[in-house]
Amino acid sequence: KMDPTTSSNLLITLLKGKALPICLMALMADGEKAKEEPSKEKVEEKKDDKAVEDAVLSSMAGFFAQEITIGGVAGLCSGYAVKKVAKQAAFMIGLGFIAFQVAAYKYKIKVPWRKIETELIKTVDMNNDKKIDWKDCVLIYKKYIKPVLVHGLPNAAGFGIGFATGVKYL
């Protein structure tokens, strides 16, 4: 029978879906283990467990590295670039708005904001609900941005994860 408190057996058990009871057992056993002197068999078992753990982790790392490398890195960089461009675009739009408002106030020109809003909604509203919201942004990403950026990539899922990470965290 496997000792569920050793790290490799804990990893294997977690992968089998028995995480909560085994984690609780490991936490409860942690205090008791500090008091015990390890026997010769325990030392040998730990060496075996370490070898199994190293083999599992290296095979998992190799798998993820192969699968995520190209798509993930490309997505991360693309997400970062899109975030930077979006910030610059927001800055320019904000600056333009301020310029129009100053001109309207100081020089008494009339800016047709209702017409501008109507045209913007017609152009950007992808789900035709007469408003611009997050759903429209997602549809624009799925329809226009992602197909172009993942074209020919071997791992589009890695790209999506990398893109989201680049936009959110970089």
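Going by the structure above, here's the rest.
Residues numbered from 1 in each chain as written. Predicted model: local features only at pLDDT ≥ 70, side-chain atom pairs only at ≥ 80, totals over all residues. Heavy atoms only, no water.

Engineer: Mind showing me how you'd approach the overall build of the chain here?
Structural biologist: Looking only at helices and strands, the chain features 6 helices and 0 strands. In the chain, buried positions account for 19% of the 170 residues. Working note: accessible area of the chain is about 13,100 Å², and carbon and sulfur atoms make up 67% of it. (Helix = DSSP H or I, 4+ residues; strand = E, 2+ residues; numbered from the N terminus. Buried < 20%, exposed > 50% of the residue type's maximum accessible area, 1.4 Å probe, protein only. Areas by Shrake-Rupley, 256 points an atom, 1.4 Å probe, with all protein chains shown as cover.)

Engineer: How should a nonpolar patch on the surface be read in this particular structure?
Structural biologist: A cluster of nonpolar residues, Phe97, Ile98, Phe100, Val102, Trp113 and Ile116, forms a patch on the protein surface that exposes about 560 Å² of accessible area. Contributing elements (two or more residues each) for the nonpolar patch: helix H3 (40-107) and helix H4 (113-124). No other element matches the 4 residues that H3 contributes to the nonpolar patch. Considering the arrangement of structural elements, one finds phenylalanine 97 in helix H3. The partly exposed category is assigned to phenylalanine 97, whose relative accessible area is 43%. (Patch = residues over 30% accessible without salt bridge, like charges linked within 9 Å, V, L, I, M, F, W, Y side chains within 5 Å. Salt bridge = Lys/Arg side-chain N within 4 Å of Asp/Glu carboxyl O.)

Engineer: I tried to follow the pattern of salt bridges on my own but got confused; where do I start?
Structural biologist: A pair can form between side chains of opposite charge whenever their charged atoms are brought close. The final tally for this structure, using the stated rule, is 2 salt bridges. Put simply, arginine 114 and glutamate 117 hold a salt bridge, and the shortest N to O gap is 3.8 Å. Placement of the pair is arginine 114 and glutamate 117 together in helix H4, with a separation of 3 residues, close to one helical turn. Residue classification places arginine 114 among the exposed positions, given a relative accessible area of 69%. Judged by relative accessible area, glutamate 117 falls into the partly exposed class, the value being 41%.

Engineer: Mind showing me how you'd approach the packing of aromatic side chains here?
Structural biologist: A ring pair, where both rings are aromatic, is described by two values, the distance of the centres and the angle of the planes. A full pass over the atoms with the stated rule returns 4 aromatic pairs. Both rings, one in phenylalanine 100 and one in tryptophan 113, keep their centres 6.3 Å apart while their planes meet at 90°; by these two values the pair is edge-to-face. Placement of the pair is phenylalanine 100 in helix H3 and tryptophan 113 in helix H4, with a sequence separation of 13 residues. Assessed through its relative accessible area of 32%, tryptophan 113 is described here as partly exposed. (Phe/Tyr/Trp six-rings, centres within 6.5 Å; stacked < 30°, edge-to-face > 60°.)

Engineer: Any chance you could explain the environment of lysine 143 here in plain terms?
Structural biologist: By secondary structure assignment, the location of lysine 143 is in helix H5 (residues 134-149). Along the chain, lysine 143 and methionine 126 lie 17 residues apart, while their C-alpha atoms are 9.6 Å from each other.

Engineer: Explain the layout of surface pockets here, please?
Structural biologist: Rolled over the atoms, a probe with the dimensions of a water molecule shows which regions are left empty. The volume enclosed by the largest pocket comes to roughly 740 Å³. Lining the largest pocket we find 22 residues, and of these Val82, Trp134, Cys137, Tyr141 and Ile145 sit closest to its centre. Every element with two or more residues in the lining of the largest pocket is listed here: H3, H4, H5 and helix H6 (156-169). With 8 residues, the top contributor of residues to the lining of the largest pocket is H5. A class-by-class count of the residues in the lining of the largest pocket yields 17 nonpolar, 1 polar and 4 charged. (1 Å grid on protein atoms, 1.4 Å probe; cavity = no way out; pocket = protein on both sides within 12 Å on 5 of 7 lines; lining within 4 Å. Points joined across faces, edges and corners; volume = space filled by probe spheres on them. Nonpolar A, V, L, I, M, F, W, Y, C, P; charged D, E, K, R; others polar.)

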